[in-house]
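# Structural overview
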Amino acid sequence: MLSAERNRYLCQTGPGTPMGALMRRFWAPFLLSSELPEPDCPPVRARLMGEDLIAFRDTRGRLGLIDEFCAHRGVSLWFGRNEECGIRCPYHGWKYDVGGQCVDLPSEDDSTGTRARIKLKSYPCIEKAGIVWAYLGPPERRPPEPALEWCDVAPGQLFVSKRLQENNYLQALEGGIDSSHVSWLHGAALKDDPLFKGSRGNQYNEDDRMPFFEVEPFDGGLLIGARRNAGSGRYYWRITPWIMPWYTIIPPRAGHPLGAHAWVPVDDENCWAWSINYHPNRDLSAEERAAMIAGKGIHVTYVPGTFIPDANKSNDYHMDQQAQAAGRTFSGVARIAMQDASLQESMGAIQDRTRENLCLTDTGIVMPRRELVRAVKANAGGNPVKGLAAADQKVRSAAIELPHGVNFVDGARHGLFAEPKSDPISV
Amino acid sequence: MLSAERNRYLCQTGPGTPMGALMRRFWAPFLLSSELPEPDCPPVRARLMGEDLIAFRDTRGRLGLIDEFCAHRGVSLWFGRNEECGIRCPYHGWKYDVGGQCVDLPSEDDSTGTRARIKLKSYPCIEKAGIVWAYLGPPERRPPEPALEWCDVAPGQLFVSKRLQENNYLQALEGGIDSSHVSWLHGAALKDDPLFKGSRGNQYNEDDRMPFFEVEPFDGGLLIGARRNAGSGRYYWRITPWIMPWYTIIPPRAGHPLGAHAWVPVDDENCWAWSINYHPNRDLSAEERAAMIAGKGIHVTYVPGTFIPDANKSNDYHMDQQAQAAGRTFSGVARIAMQDASLQESMGAIQDRTRENLCLTDTGIVMPRRELVRAVKANAGGNPVKGLAAADQKVRSAAIELPHGVNFVDGARHGLFAEPKSDPISV
Amino acid sequence: MLSAERNRYLCQTGPGTPMGALMRRFWAPFLLSSELPEPDCPPVRARLMGEDLIAFRDTRGRLGLIDEFCAHRGVSLWFGRNEECGIRCPYHGWKYDVGGQCVDLPSEDDSTGTRARIKLKSYPCIEKAGIVWAYLGPPERRPPEPALEWCDVAPGQLFVSKRLQENNYLQALEGGIDSSHVSWLHGAALKDDPLFKGSRGNQYNEDDRMPFFEVEPFDGGLLIGARRNAGSGRYYWRITPWIMPWYTIIPPRAGHPLGAHAWVPVDDENCWAWSINYHPNRDLSAEERAAMIAGKGIHVTYVPGTFIPDANKSNDYHMDQQAQAAGRTFSGVARIAMQDASLQESMGAIQDRTRENLCLTDTGIVMPRRELVRAVKANAGGNPVKGLAAADQKVRSAAIELPHGVNFVDGARHGLFAEPKSDPISV
C-alpha cells in the first residue's frame, strides 16, 4: 500500500516531475521505424511523457522529433510539409530542421536575425531494432545507445509491435514483472497459444500457484526470481529481468522465441506497450511470424489505422462470458496481451495504490518500486543511475530447474548473462 | 427557489453526504432479478449512490454486492469468475464470498492470517418483486424488507422495468409527484396509450389545468392531493403517495393497473427510473403485458444490451417537430416515460434550483423537499425516520370524485389505505 | 507574445468579462433566417458568447431570443410549443412572448400577479441579409442596425453561409485579417477554385511571399494593407478592412464577388464563421451560386443537419497526405475555408499566445489586438467605441497596384470608401 503522494511520485512522468527526470535519462522507444517509412514521408504525432511532439524523417533520412506546434502562431506541424530537409508549417511557411532550428522564415528579411533565434524544442532520435528511440534528457548526459540483446539481433530473428494501453505505465510494468498471475490469468491460453504452448513450465505454473519470490540486484536493475515446486528436490525458477526504467523480459519457454516488453509513458494515463519477440540464435520461423502478425502470443490486432487494440475498453475487450464459464479463458478475454491489458486498464487510468493489499507474491513488484524511488533520488542528487550503460543491459530472462538450496542467480547465471547467440536457458 | 447550498444538500447522495446517509437507511432497488438469472452467472457492474460495486449470485443462489475492485491490486471483479460460492479475481485468483470476505488467497500461505483479514466492502441484498434490493446503511440499523403493495402481489399481477435517466434523482422524483404537468405534457398520449386511455379522469385533467394542491402527512411520507373541478359540486382528486425516500405511485385510471416508480440515485448525475405496473386483485392481461414490453405506458424500449432508452439525449429523444405541430404530441417526444425523462434531463444533470420560480401548483414538490430536509436532520440526530417500517409503506394511490368540502384523505381513505387485494379507487 | 492574462482578456467573451461587454455593444449575427423559416416554426437552440438561448419566430413573424430554460422549473424551451405568439413550455404550459415576458401562467390564478413578474432574459433581434442578428447589450445603448455593404445589397447579389469553428473567435479573426498566409496555405487552391482563380493578384501573392504590412485606422476599425512587389516601380496592395469587433473583408480578385466574414463567439472555445459573398453591382451568376453551395471559395459542405463541416477535427479534415506531397494542396486539406479552419483549430481551443513569436508580417494582427484592448477600455470607461455607427461600417476591401511612395489608403480611397453599387477595385 502506498500513500497517495508516493503513488503520484512513482506515476507522474511529465516535464518537471522527479520520475520524469529519471526517465528522461534513458532512450525511449516511441515509434516503429515503419511509421516513418522513407525520407520526406508524412510526419507523425508523438506524445511522450506528456509532451506533444512531431516526428519526421527528412530528405536525407535524418530523424527529427520537435515541438508539435510552430513557434510562430502555434499551428500543429502535423499539417506540415516535409520537404528539402525540414518540415514547413503550412500557415506561413516557417521551416524547421530535425534539430528544431528554423531554417526558413519567409515572413521576415533574414537580416533581422530573427530566423536564427527561432528554435523549437527538439530531441535526438536513433533507430534500432525497427524502432525509433528518443532521448528527452539533458544533452550533456546523453547515454550510449540501447544495447538490449533484442536490439542487436538480425532482423530475421526479431518481431516488434506496439499497442496503446490506456493506463499509467507503472501498472503495466508491474504486470510485466509479475510471474504469479501467469498461473491464473493465462492458464488456458498458455496451452493453446502457438507462441507459448508445449513447455513443461506451463504445467509447473499450473500446479504451483503460490510462487515464492526472490529479488536480486544487478547492474541494470533487478532480477526477479519466481520459484515453484518442480518435484524431487527441485524448484522451477522463472527469472524476469527488469532493466531500468521500463524493460522486462518474459522467462522463456522451451524452444520458443524470447518475449520482451517496454512500458513507455505516453502521458500519465496512457502508455506504449512495446512487445518484442526475438531468438538469439535463429531466425523466427514463418509460422511464428505469422502468429505474431495474427495477434498471438504477446501481440494484438488493431483498430485499422491505429495502434489501439481492436478488443479494447470501449467494447469491454470483446468479453465472452460463455468462454469464461466454459474455462476456455480465465477472465473471459481472449489472447494473452489483452488479458493483461484489460485487467490493468480496469484498475483505473492510474491505479489507486492507497487501497491495495500486497502480499508475499508481490515481492517482485515491491522491490522494483523501491528501486525506482532510489533511482529517482539518485538522479536528483546527481548520483549514478542503473541501466544506462550498455553493459547494464546485457541480460536475458531464464527458466530453469534448480536443486533446492541453489541461489537462482548463481544457478542461472549462464542463462541470464549468456554468451551472445547462445540458446536461451529454458524449460 | 433554493440556495445553491440547499440544492446540493438535497441532491448529493454519495458516501459521507447527509442525504446519502438518509438514503442508506432504506433498501434500494438496483437490479432486475433477471440480470442475475441463475447461480454462478456473470457478475454485474452496479453503481449506486456513487459507489462502484459488483453484484453476483453465488453457487447457492445467494446474492452478493461488494466493492467492484479486488483488495489485492485493484482489478475490476467484473472480469471475475463466479464459481464455487464466490467470485474470483482473474489476475491472481483471490476469491470473495457474498459477504466480501476473502475465502481464498492463493498467493499466500493461509497460516499467515492474511486471508482472514481481507474483506471487501459488502452490502446485504434481498429479492422481491423480481428486483434485487441492497442495503447500504449501518448493519445494526437494517430495516425490515420492503412492504410496498407491489412487492407482495403474485408475479402474474406485476410488471417491472427500469431505465437509466441521465440526471439527478430529485428532479425525476419531483416529476413523479407532480400531477399538474399531466394536463400538458401527456395530454395527447393519455388518449392513445393502451395503459392510460379511457379514463374520465383524463378529461378532467384536460379541462382543469390549474389543479389545487393539498399535501397531508402519513406514516410513510406524504399524500399529495391534486384537486380539479369535476362539475356539479364535486372535485376530481388525484392522490399521489410519496413514500420515503424515493417511491411514488401514480393515481389510477379506471380499470388499468396501478403505476408506481422508484427514483434511485446511481450517482449525483444519473438515476434508475424504476417503473412498476401491478394490479392488486387480478393478473395483468396478455395485452397489457405486451404493451408494457413494447414500451407503452410508463415503460420504454432500449438500446440493445443496455437500460438506456433508445430515444435518448444523444439523439434528441427522436424529437418529431411535425408531430408536435400537429398536436399528436405536446413536446414532440413520443411515449409517456420519455416525455418526462426528456424534459427532466433538459434541466441539466443537476437542476439549478437557484433559478426556479415555484408557484401554487408546486406545493406538491415544495412539501416533499421540506420533508426530505427534516428526515435528513432527524436521521443525523438519531431520531426516527418515516417510511422504514413495513406499515409505513401500506399505501396506494387513488383517483376519486369527492363533494366540495370533503378532506381528500378522509374521503379517499378506503382507497389509500385499502384492504389487500381490493380494487383501486379510481375514475 | 502575450501574457496569459492578456490572452484571457482578449479571448473571454462570457457575461461579465471585459471583452464580452465590448462585444455586447454590437449586433451579433447568429442564425440564418432560413433556420427560422416561417411563423410558429420550431425554435432553435442558440448559444452566443457563452449564453444558452432559444430563438423563435412567433405567429406574427416577430423574432424572439430568450433564455433557453423555463423560469418555472428549468426545462429547455427547445421542447417548447411555438404557437399563438409565444413559446409554451411543454412541462406545465408556461408561455413566453418574444420579449421573454410570461404571457400565460396556467398553473396559477392570474390575480396573484405572479405571471406579470415572470420574465425571462431576452434580447432584441433583427433580420438583414438573410441573417438573424441579436443585441445582447444594455437596452439603452442599442446601436443602429448593421450597415455593412453586404447587408444592403439585393438578395440576388448575396450568398451567406455559416459554419461552426471549434476554437476561440480571436484566432479565427486573426486568420481573416492575415494576408500573408495566403501565399502559402491557399497557393494551390487559388489557381483552381472557381471563386478565386484568374486574378493577376494570385501571381503576385505567389511571387512575393514576404508582404510588408501597413495598418491605418478608420472610423470602423483598421485598414490592414499588405504590400507586395508588382514589378516596375509598383506595389500590389491587398487591403483588408477589419470592422469592429469581428468583421473582415477579403481583398477582391478581378471580377469575382467580394468575400467577407464575421467571427462571432459561440462561447470561448467555439465560434460562428460567417462567410459572405456579394457583388455590389450585379447578381451572382448561377455558376457562382452553385459553386458556393458546393462548398467552394469560402464556403463548406456539412455534416447533414448541422453547421459542422463534413471535413472536421474528428476526421482530421480528410487530410490527404498524397495530395499534399504532390502539391495539389499545401497542407493536405482541401478547400480554402477548411484549410484555414483546420490550422486554426490545431492551435488548440484557445491558442496559447504566451508561446507565439510574432514578426513583421504579423503587424496586421498586432495592431487589431491593441485596438481591441483600447476599445474594451474605452467601453468600460464609458467612452466612444468604433464601429457602432452605420457610417463606420461603410468600407470595402480593395486590391490595387500603386506606384511606390503612394500611401495605400490615399491611393485606394475610391475603392475602400466607394460609391454604393460601384465595382470593387481589384486586380
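Look up: the structure comes first, before these words.
Let us look at the structure shown here. (Residues numbered from 1 in each chain as written. Chains lettered and ligands numbered in written order. Predicted model: local features only at pLDDT ≥ 70, side-chain atom pairs only at ≥ 80, totals over all residues. Heavy atoms only, no water.)

### Examining the overall build of chain A
Scanning chain A for helices and strands turns up 12 helices and 18 strands. Relative to its length of 427 residues, chain A is compact, with a C-alpha radius of gyration of 22 Å against a globular reference of 22 Å. Expressed as lengths along the three principal axes of its C-alpha atoms, the size of chain A is roughly 85 × 45 × 45 Å. For chain A, with 427 residues in total, the buried portion stands at 62%. A separation of at least 24 residues holds for 62% of the contacts in chain A among residues at least 6 apart in sequence. (Helix = DSSP H or I, 4+ residues; strand = E, 2+ residues; numbered from the N terminus. Rg over C-alpha atoms; globule rule 2.2 N^0.38 Å. Buried < 20%, exposed > 50% of the residue type's maximum accessible area, 1.4 Å probe, protein only. Contact = heavy atoms within 4.5 Å.)

### Regarding the relation of the copies chain A and chain B
Overlaying chain A on chain B yields an RMSD of 0.0 Å, the required transformation being a rotation through 120° with an accompanying axial translation of 0.0 Å. In the structure described here, the two chain copies are related by an operation that fits a three-fold rotation axis. When C-alpha distances to the rotation axis are compared across chain A, the minimum falls at Ser314 of chain A, with a value of 9.9 Å. (Least-squares fit on C-alpha atoms with pLDDT ≥ 70 in both.)

### Quick word on the interface of chain A and chain B
Every contact between the two is made by 36 residues of chain A and, on the other side, 27 residues of chain B. Summing the contributions of chain A and of chain B, the shared interface buries around 2600 Å²; its carbon and sulfur component is 56%. The interface formed by chain A and chain B includes 4 salt bridges. Where the side of chain A that touches chain B is concerned, the elements lending two or more residues are helix 4 (169-176), helix 5 (182-185), helix 9 (321-325) and helix 10 (336-346) of chain A. For the side of chain A that touches chain B, the leading source of residues is helix 10 of chain A, giving 5 residues. Class assignment of the residues belonging to the side of chain A that touches chain B gives a composition of 14 nonpolar, 14 polar and 8 charged. (Buried area = accessible area lost by both parts, 1.4 Å probe. Salt bridge = Lys/Arg side-chain N within 4 Å of Asp/Glu carboxyl O. Nonpolar A, V, L, I, M, F, W, Y, C, P; charged D, E, K, R; others polar.)

### Describing the interface of chain C and chain A
A common way to report how large an interface is uses the accessible area buried once the components associate. In this complex, chain C contributes 36 residues to the contact, which on the side of chain A involves 27 residues. Carbon and sulfur atoms supply 56% of the area buried between chain C and chain A, which totals about 2600 Å² over both sides. At the junction of chain C with chain A, the criterion picks out 4 salt bridges. The partner of Asp178 of chain C in a salt bridge is Arg73 of chain A, with the nearest N and O atoms 3.8 Å apart. There are 17 residue pairs in polar contact (both at pLDDT 80 or more) connecting chain C and chain A. Taken together, the elements giving at least two residues each to the side of chain C that touches chain A come down to helix 4 (169-176), helix 5 (182-185), helix 9 (321-325) and helix 10 (336-346) of chain C. No other element matches the 5 residues that helix 10 of chain C contributes to the side of chain C that touches chain A. (Polar contact = N/O pair within 3.5 Å; in protein donor to acceptor, adjacent residues only side chain to side chain.)

### Topic: the side chain of Ser179 of chain B
Residue and element names in this part refer to chain B. Along the chain, Ser179 turns up in the loop between helix 4 (169-176) and helix 5 (182-185). There is a polar contact of 2.9 Å between the side chain of Ser179 and the side chain of Arg238. For Ser179, the residues in contact, after removing those within four places along its chain, are Phe213, Ala226, Arg228 and Arg238.

### Notes on the environment of Met1 of chain C
Residues and elements named next belong to chain C. Turning to its location among the elements, Met1 is positioned in the segment before helix 1 (4-11). Between the C-alpha atom of Met1 and that of Ala291, which follows or precedes it by 290 residues, the distance is 39 Å. Residues within four places of Met1 in sequence aside, it is in contact with Arg353, Thr354, Arg355, Glu356, Asn357 and Leu358.

### Comments concerning the packing of helix 4 of chain A against helix 11 (residues 363-380) of chain A
The description of two packed helices rests on the angle between their axes and on the distance between the axes. Residue and element names in this part refer to chain A. Running from amino to carboxyl end, helix 4 crosses helix 11 at an angle of 135°, the nearest separation of the two axes being 10 Å. Of the possible angle classes, the one that applies to helix 4 and helix 11 is oblique. Considering the relative orientation of helix 4 and helix 11, their crossing is right-handed. Contact residues: Tyr169, Leu170, Leu173 and Glu174 in helix 4; Ile365, Arg369 and Leu372 in helix 11. Looking at side-chain class alone, the contact of helix 4 with helix 11 contains 5 nonpolar, no polar and 2 charged residues. (Axes fitted to C-alpha atoms, helices over the stretch in contact; angles between N-to-C directions. Parallel < 35°, antiparallel > 145°, perpendicular 65-115°, else oblique. Left-handed = near helix turned anticlockwise from the far one by under 90°.)

### Overview of the packing of helix 1 of chain C against helix 11 (residues 363-380) of chain C
All names here are of chain C. Two elements in contact, helix 1 and helix 11, have axes separated by 10 Å at closest approach and are oriented at 70°. By the criterion of interaxial angle, the relationship of helix 1 to helix 11 is roughly perpendicular. Counting all contacts with helix 1, which are made through Arg6, Tyr9 and Leu10, the residues of helix 11 involved are Arg369, Leu372, Val373, Val376 and Lys377. Among the residues forming the contact of helix 1 with helix 11, the class breakdown is 5 nonpolar, no polar and 3 charged.

### Points about the packing of aromatic side chains
Each aromatic ring pair is specified by the distance between its two centres and by the angle formed by the two planes. Counted by the stated rule, this structure contains 42 aromatic pairs over all chains. Centroid distance Phe79 of chain A to Tyr317 of chain C: 5.9 Å. Interplanar angle 55°. Geometry classified as tilted. Of this pair, Phe79 of chain A sits in the loop between strand 4 (63-67) and strand 5 (81-82) while Tyr317 of chain C is found in the loop between helix 8 (286-293) and helix 9, placing the two residues in two different chains. Residues Phe79 of chain A and Tyr317 of chain C agree in their burial class; the two are buried. Between Tyr302 of chain C and Phe307 of chain C, the ring centres sit 5.9 Å apart and the planes meet at 80°, which makes this aromatic pair edge-to-face. On the basis of relative accessibility, which here comes to 25%, the residue Tyr302 of chain C falls in the partly exposed class. On the basis of relative accessible area, Phe307 of chain C is assigned to the partly exposed category, the value being 23%. A connected cluster of aromatic rings, assembled from ring pairs, spans Trp133, Trp150, Trp246 and Tyr247 of chain A. Its end group placed over the ring of Trp184 of chain C, Arg209 of chain C keeps NZ or CZ at 4.3 Å from the ring centre. (Phe/Tyr/Trp six-rings, centres within 6.5 Å; stacked < 30°, edge-to-face > 60°. Lys NZ or Arg CZ within 6 Å of the ring centre and 35° of its normal.)

### Thoughts on helix 7 (residues 200-207) of chain C
Residue and element names in this part refer to chain C. The set of residues buried in helix 7 consists of Gly201, Asn202, Tyr204 and Asn205. The buried residues of helix 7 occupy an angular sector of 160° when projected down its axis, which confines them to one face. If you follow the buried residues of helix 7, they end up packed against helix 5, helix 6 (187-192), strand 13 (221-229), strand 14 (234-243) and strand 18 (398-403). (Arc of directions from axis to C-beta.)

### Details of unusual backbone geometry
Of the consecutive residues Met244 of chain A and Pro245 of chain A, the connecting peptide bond is found in the cis state with omega at -5°. Here Pro245 of chain A is to be found in the loop between strand 14 (234-243) and strand 15 (247-250). Within the chain, His318 of chain B stands out as a residue other than glycine whose phi angle is a positive 55°. Look at His318 of chain B and you get partly exposed, because its relative accessible area is 48%. A positive phi is found at Tyr317 of chain C, a non-glycine position, where the angle reads about 60°.

### A few points about the pattern of salt bridges
A complete count under the given rule lists 90 salt bridges over all chains for this structure. With a shortest N-O distance of 3.5 Å, Glu83 of chain B and Arg88 of chain B are connected by a salt bridge. One salt bridge in this structure joins Asp67 of chain C and Arg355 of chain B, with 2.3 Å as the shortest N-O distance. Pair noted here: Asp67 of chain C is in strand 4 (residues 63-67) and Arg355 of chain B is in the loop between helix 10 (336-346) and helix 11 (363-380), and the two residues belong to different chains. Its relative accessible area of 5% is what places Asp67 of chain C among the buried residues. Overlapping salt bridges bring together Arg81, Glu83, Arg88 and Asp104 of chain A as one network.

### Concerning helix 11 of chain C
Residue and element names in this part refer to chain C. Look at helix 11: 26 Å from first C-alpha to last across 18 residues, which is about the 26 Å you get at 1.5 Å a residue. Turning to helix 11, its buried residues number three or more, namely Gly364, Ile365, Pro368, Arg369, Glu371, Leu372, Val373, Ala375, Val376, Ala378 and Asn379. Those residues of helix 11 that are buried lie in contact with helix 1, helix 2 (18-23), helix 4, strand 12 (212-218), strand 13 and strand 14. Immediately downstream of helix 11, the backbone of Gly382 shows phi near 80°, a positive value. (Expected span 1.5 Å × (residues − 1).)

### Observations concerning the sheet that holds strand 7 (residues 95-96) of chain C
Residues and elements named next belong to chain C. Spatial ordering of the open sheet is given by 5-6-7-8, a layout of 4 strands whose pairing is antiparallel. Of all the strands in the sheet, the pair left with one neighbour each is strand 5 (81-82) and strand 8 (102-104). Sheet topology places strand 5 next to strand 6 (residues 87-88); 2 bridges connect them, and they run antiparallel. Counterpart to Arg81 in the pairing with strand 6 is Arg88. (Pairing = 2+ DSSP bridges.)

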